[in-house]
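Read off the chains here:
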Amino acid sequence: MAREAGAARDGSPRLLRAINDRAAIEAMLRRGALTRAELEAAIGLSKPATVALLARLEKAGMVRRGKLRGGNRGPAAQMWSVNGALAHVAGVSLTPDEVDIVIADITGEIRVEHRSALPSGNDAPLAFATAMTEAAARAELRPDQLAKVVIGSPGAVNPATGHLGFAPHLPGWEGFDLPGRLRAELGTDVIVDNDVNLVALVEMTAGRAQQVRDFVLVWLSDGLGAAVVIDRVLHRGVTGGAGEIDWMRVPDRARLDTGVDRTGSRLGGLLSYRSINKLARAHGLKARNGAAAVQAAHAAGAAGQAFLADLARRVATGVAGVVSVLDPELVLLTAEIAQVGGRQFADLVAAELHRLVVPRTPVEPAECTERAVRAGALQVALGLAREQVFGLPATAVGIRSDPEVQLEEAR
């Protein structure tokens, strides 16, 4: 017992050094390059302790010296920053049309952005690996030198099998262990997550859900989905299909009949661009797709408002079931239709929703819209890589890189 107590005492300075080192790394990742004095103030250490810490981290290759910062008085101050070359990660967005790749170093500095047509068919994983190889080469890397690759995709990956489901519009990507196949092709750790889930993570860290514990994010595009966040943790369901509201059957409450089954239609069908265009034509509006129809409605006066109200009824009818079960603090609308519709359309959806359910849940447009899927994928990749390299807690919510852990959780 005495030996154990002595060991604990001997280990305490090492533990404190490790805690201080992580705090310093975290401060520099959050704020960028810092002087010794700025770091000292950020982590609350004395000058001698901060000097020793920086020397220790520099020797370990964790931090590096940068430019000198001149001041009004006294000598220029040495800048210190995290060594970005310690690891690189990739965030990827898949859509039915393209693959959008971003590669960044562990500080989050973007090294490469690469876009190409989405590979499909039997050779889709190999073609995707080729696109990743091209992107990595532009950063003077091989794919196996990437610490993490996180892919945001329509549909959902079953954690027990690795199969991508709910994604018939991605031919060649279903029917096999997708993360496992891509790991084999790229030679590195690959995680595939639902695209709407990744957007929800971005909203939690940089958008309207920063102070919200429970919310639902609804994706309104030519393709429908939702993310469910409970107590700031993404809820995926046992097969990964939580939030796949596309497949719900609901009545069409639009006041103009467009020929669909009024008693029970697939929600994703009612909110597809084809169906939205039919509804727009019934209201005397013409547009090339659903988002353009919403845009045209804003400029069309009374006829446009009637169309928007009908479209809002369809959205609210689908969201009502989710709100009735979860009673969230907030519903966020995202993707093209929500972005074009803006606050006005969100208010119409809220009004219709409140006619259907007891909770007075606010409905708002999402704040993060520019390449939000890719941004979420990169956020997850950086969080997991920083956990691996620095021991920092992963900032990603509910993401696990170990497939055995995923399998165990699924059981």
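Chemist: Any chance you could explain the pattern of salt bridges here in plain terms?
Modeler: Pairing between side chains becomes possible if they bear opposite charge and their charged atoms approach one another. One pass over the full model with this rule turns up 23 salt bridges. With a closest N to O distance of 2.8 Å, D21 and R56 form a salt bridge. Separated by 35 residues along the polypeptide, D21 in helix α1 (residues 2-31) and R56 in helix α3 (residues 47-59) bring together distant segments of the chain. Look at R56 and you get partly exposed, because its relative accessible area is 29%.

Chemist: How should I be thinking about the sheet that holds strand β10 (residues 190-194) in this particular structure?
Modeler: Hydrogen bonding along the main chain pairs the strands of a sheet, whether they run parallel or antiparallel. Read from one edge to the other, the open sheet built from 5 strands follows the order β6-β5-β4-β7-β10, with strand pairing classed as mixed. If you trace the sheet from one side to the other, it starts and ends with β6 (110-117) and β10, each paired once. The average angle at which neighbouring strand axes cross in this sheet is 15 degrees, direction not considered. Relative to β6, strand β5 (residues 98-105) runs antiparallel, the two sharing 7 bridges. When the bridges of β6 are listed, V102 appears paired with E113.

Chemist: What's the story with unusual backbone geometry in this structure? I'm lost.
Modeler: The bulk of non-glycine residues show a negative phi, and the bulk of peptide bonds are trans. The backbone phi angle of A335 is positive, close to 80 degrees, even though this residue is not glycine. Looking at where A335 falls in the secondary structure, it is placed in helix α11 (residues 335-356). Residue A335 is classed as buried on the basis of its relative accessible area, which comes to 9%. Here R371, not a glycine, exhibits a phi torsion of approximately 50 degrees, which is positive. Position of R371 relative to the elements: it lies in the loop between β17 (363-365) and α12 (372-390).

Chemist: Could you clarify how one ought to interpret the side chain of T361 in this entry?
Modeler: The topology assignment puts T361 in the loop between α11 and β17. Classification of T361 as buried rests on a relative accessible area of 2%. With sequence-adjacent residues up to four places away left out, T361 is seen in contact with V323, P328, E329, L330, V331, L353 and H354.

Chemist: It is not clear to me how the confidence of the model for the protein should be interpreted in this structure. Could you clarify?
Modeler: A low pLDDT score tells you not to read the predicted coordinates there in detail. Residue-level pLDDT values for the protein average 90, and 92% of them are 70 or greater. Counting interchain partners and residues more than four positions distant, the pLDDT-below-50 stretch residues 1-10 has 0 contacts. Contacts for the low-pLDDT stretch residues 400-411, under 50 throughout, to residues beyond four places or in other chains number 16 contacts.

Chemist: Before we go on, may I ask you to explain the packing of aromatic side chains in this structure?
Modeler: Aromatic ring pairs are reported here in terms of the distance separating the ring centres and the angle at which the planes meet. With the rule as written, the count across this model stands at 2 aromatic pairs. Seen from their ring centres, F128 and W173 are 5.8 Å apart, and the 80 degrees between their planes marks the pair as edge-to-face. Highlighted residues: F128 in helix α4 (residues 124-138) and W173 in the loop between β9 (164-165) and α5 (178-186), separated in sequence by 45 residues. Residue F128 shares its accessibility class with W173, and that shared class is buried. For the pair F166 and W247, a centre-to-centre distance of 6.4 Å together with 55 degrees between the ring planes defines the contact as tilted.

Chemist: Can you help me understand the sheet that holds strand β13 (residues 233-235) in this one?
Modeler: If you trace the 5 strands from one edge of the open sheet to the other, you get β13-β12-β11-β16-β17, paired in mixed fashion. Two strands in the sheet have a free side with no partner beyond their single neighbour: β13 and β17. Across the sheet, the mean angle from the axis of one strand to that of its neighbour is 30 degrees, orientation sign disregarded. Here strand β11 (residues 215-221) pairs with strand β12 (residues 223-230) via 7 bridges, running antiparallel. Within β12, the residue paired with V218 across the bridge is A226. Set on the sheet, helix α10 (residues 301-326) makes contact with β11, β12 and β16 (330-334); between it and β11 the angle comes to about 160 degrees.

So, how was this worked out
- Residues numbered from 1 in each chain as written.
- Predicted model: local features only at pLDDT ≥ 70, side-chain atom pairs only at ≥ 80, totals over all residues.
- Heavy atoms only, no water.
- Salt bridge = Lys/Arg side-chain N within 4 Å of Asp/Glu carboxyl O.
- Helix = DSSP H or I, 4+ residues; strand = E, 2+ residues; numbered from the N terminus.
- Buried < 20%, exposed > 50% of the residue type's maximum accessible area, 1.4 Å probe, protein only.
- Pairing = 2+ DSSP bridges.
- Axes fitted to C-alpha atoms, helices over the stretch in contact; angles between N-to-C directions.
- Contact = heavy atoms within 4.5 Å.
- pLDDT = per-residue confidence, 0-100.
- Phe/Tyr/Trp six-rings, centres within 6.5 Å; stacked < 30°, edge-to-face > 60°.

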